[in-house]
Amino acid sequence: MSSDVQSDIHGGSDTDSHTASHTDSHGGLLGGPTLPQHRHLVTEIPGPISRALHERKTASVSGGVSVGLPAYIAAAGGGVVVDVDGNSLIDLAAGIAVTSVGNAAPKVAEKVARQVHQFTHTCFMVVPYEGYVEVCEQLAELTPGSHAKKSVLLNSGAEAVENAVKIARVATGRNAVVVFDHAYHGRTNLTMAMTAKNAPYKNGFGPFAGEVYRAPMSYPFREPVPIKGAEAAERAITMIEKQVGAENLAAIVIEPIQGEGGFVVPAEGFLPALSEWCTKHGVVFVADEIQTGFCRTGDWFACENEGVVPDLITTAKGIAGGLPLAAVTGRAEIMDAVHPGGLGGTYGGNPVACAAALGAIETMKELDLAARARHIGQIMSRRLHELAERYPSIGEVRGRGAMMAIEVVKPGTITPDADLAGAVNRICHSEGVLTLTCGTFGNVFRFLPPLVIDDALLEEGLAVVEQVFAAAGAPTRRESAVVG
Ligand code: PLZ
């Protein structure tokens, strides 16, 4: 990267009213909330320096690793990511719901810097350190339920899900695991089996782990006949009882709002009914809150919305402001069912990642980011509903807090329109707004802004999305009325 690009970014005089209000304790560093909070394009996207880097990527990185937008990033903070060509993009992705506290958040950067100078690794299983214990104490305090809780720390979401299954199996002495249609739980062998969507996650990677059973999800937009949450739960429970048998079932694993599967919010009553059935039959209810957790949906955890208290909860992503950390937290007696030495890994709960998590959690508390997520949700919901009024290609606006999406369909039907969703996504990128798609049918356009994004920037990002819908050729209601 050229040094003038760096000085451009850093030297930007544009520290106007859009600059994030958090104080800058790192005057000399790139990134973080010191960056001007604006959309500012100086080249086409990706620009020439990014394109050159991408050639090197193509030559050196496995073709199996694809990139949504090949704009290479030099700095990021607040609600922007700045690329090596000096373009400042509005971040509506947060690295897939990870940098909820913002990129290079001051408390995270501070604690990481201090830790990295003290020690970087001992392996907690060899000689321990306080940070790991402190993160587990925070998890016990923050996750739903007032019962005694314990945790194990790991490196990735998939690893947390794998460990939740291991723990549930030992605690129950049973093998089977139930997951749901449209679920996403990771890319390791066991979690591939738990993930629903074949391409790109599973295709050709089998054979998959056994004893994983898939139950019907509550997906209100796609129900042939509208049914209540309790009825959808009954449908899943009948399948489980008839095809698996409660006596064989170790755990039900479910995302309270599905992430990669399409931001599917189950009908009210679905989660509580499943959780109650689990309690009655000695089945471990595992909430996979890897994407929904840590303030994203407007509560510390999405389960809280309906008062569901999971037996185990998996977390990752937002927990550590961008450093790799994940956890399984749950009822002390379940977590302690595992024999000594049964859980672990070289890097799990690495001290630098733990320091980052403590910085991120402190930031969430101090800035009340759950409230911020609710506020962001109000802004997004208002604008996306306005958009849906205009464009019948938007079949549904859904989500909660700072986790919202629109499902793109052929007007007047529920037939997915992945082409239009993809086109909108690509044009948003070239207009300087970093967005993502998701969904089993690839037709869900989702928004996961950092929770510290300022209102003006968020509104601007959503205004671009609105313009892009027209540019992508989406028919308006009036046009489709004429055609149809
Ligand atoms: N459970 C609910 O959302 C990760 C995956 C992106 P890891 N989602 C983003 C991709 O294409 O790989 C996720 C999740 C839920 C588990 C995971 C897995 O978390 O940290 O990616 O392993």
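Provided above is the structure to which this section pertains.
Bear in mind the structure is a predicted one, so any value in this text is a computation, not a measurement.

Draft legend 1. Geometry of empty space enclosed by the protein. A full pass over the atoms with the stated rule returns 2 cavities of 30 Å³ or more. Taken as a whole, the largest cavity holds about 50 Å³ of empty space. In terms of lining residues, the largest cavity is bounded by His182, Ala183, Tyr184, Thr195, Lys197, Tyr201, Glu260, Gly261, Gly439 and Thr440. Here the lining of the largest cavity is composed, by residue class, of 3 nonpolar, 5 polar and 2 charged. Taken as a whole, the second largest cavity spans an internal volume of roughly 40 Å³. Lining the second largest cavity are Thr143, Pro144, His147, Lys149, Pro310, Asp311, Leu312, Ile313, Thr329, Gly330 and Arg331. Broken down by secondary-structure element, the contributors of at least two residues to the lining of the second largest cavity are β9 (312–315) and β10 (326–331). Here the lining of the second largest cavity gets 3 residues from one element, more than from any other, and that element is β10. Of the residues contributing to the lining of the second largest cavity, the split by class is 4 nonpolar, 4 polar and 3 charged.

Draft legend 2. Representation of the site of the ligand in the model. As a matter of local geometry, the ligand sits amid 15 residues, with Gly157, Ala158, Arg187, Asp288 and Gln291 nearest to it. The contact in question runs from a nitrogen atom of the ligand to an N or O atom on the side chain of Lys317, over 3.2 Å. Burial of the ligand by the surrounding chains reaches 81%, relative to a free accessible area of 510 Å². The class makeup of the residues in the shell around the ligand is 5 nonpolar, 5 polar and 5 charged.

Draft legend 3. The arrangement of the pairing of strand β11 (residues 394–400) in detail. Here 6 bridges tie β11 to strand β12 (residues 403–408), and the two strands are oriented antiparallel to one another. From the neighbouring strand, Glu396 faces β12, where its bridge partner is Glu407. Hairpin connection of β11 to β12: 2 residues between the antiparallel strands, including Gly401 at a positive phi of 60°.

Draft legend 4. Geometry of the pattern of salt bridges. By the definition in use, this model includes 18 salt bridges. Among the ionic pairs, Arg372 bridges to Asp455, the shortest N-O distance being 3.2 Å. A residue pair is termed long-range when its members are at least 10 positions apart, and Arg372 in helix α12 (residues 369–390) and Asp455 in helix α14 (residues 455–471) qualify at 83 residues. The partly exposed category is assigned to Asp455, whose relative accessible area is 28%. Glu396 is paired through a salt bridge with Arg398; the nearest N and O atoms lie 2.7 Å apart. Looking at Arg398, the relative accessible area reads 8%, which means it is buried.

Reading the values: rules and limits
- Residues numbered from 1 in each chain as written.
- Predicted model: local features only at pLDDT ≥ 70, side-chain atom pairs only at ≥ 80, totals over all residues.
- Heavy atoms only, no water.
- 1 Å grid on protein atoms, 1.4 Å probe; cavity = no way out; pocket = protein on both sides within 12 Å on 5 of 7 lines; lining within 4 Å.
- Points joined across faces, edges and corners; volume = space filled by probe spheres on them.
- Nonpolar A, V, L, I, M, F, W, Y, C, P; charged D, E, K, R; others polar.
- Helix = DSSP H or I, 4+ residues; strand = E, 2+ residues; numbered from the N terminus.
- Near = heavy atom within 4 Å.
- Polar contact = N/O pair within 3.5 Å; in protein donor to acceptor, adjacent residues only side chain to side chain.
- Areas by Shrake-Rupley, 256 points an atom, 1.4 Å probe, with all protein chains shown as cover.
- Pairing = 2+ DSSP bridges.
- Salt bridge = Lys/Arg side-chain N within 4 Å of Asp/Glu carboxyl O.
- Buried < 20%, exposed > 50% of the residue type's maximum accessible area, 1.4 Å probe, protein only.

Everything listed here is a matter of coordinates, which is why it stays silent on function.
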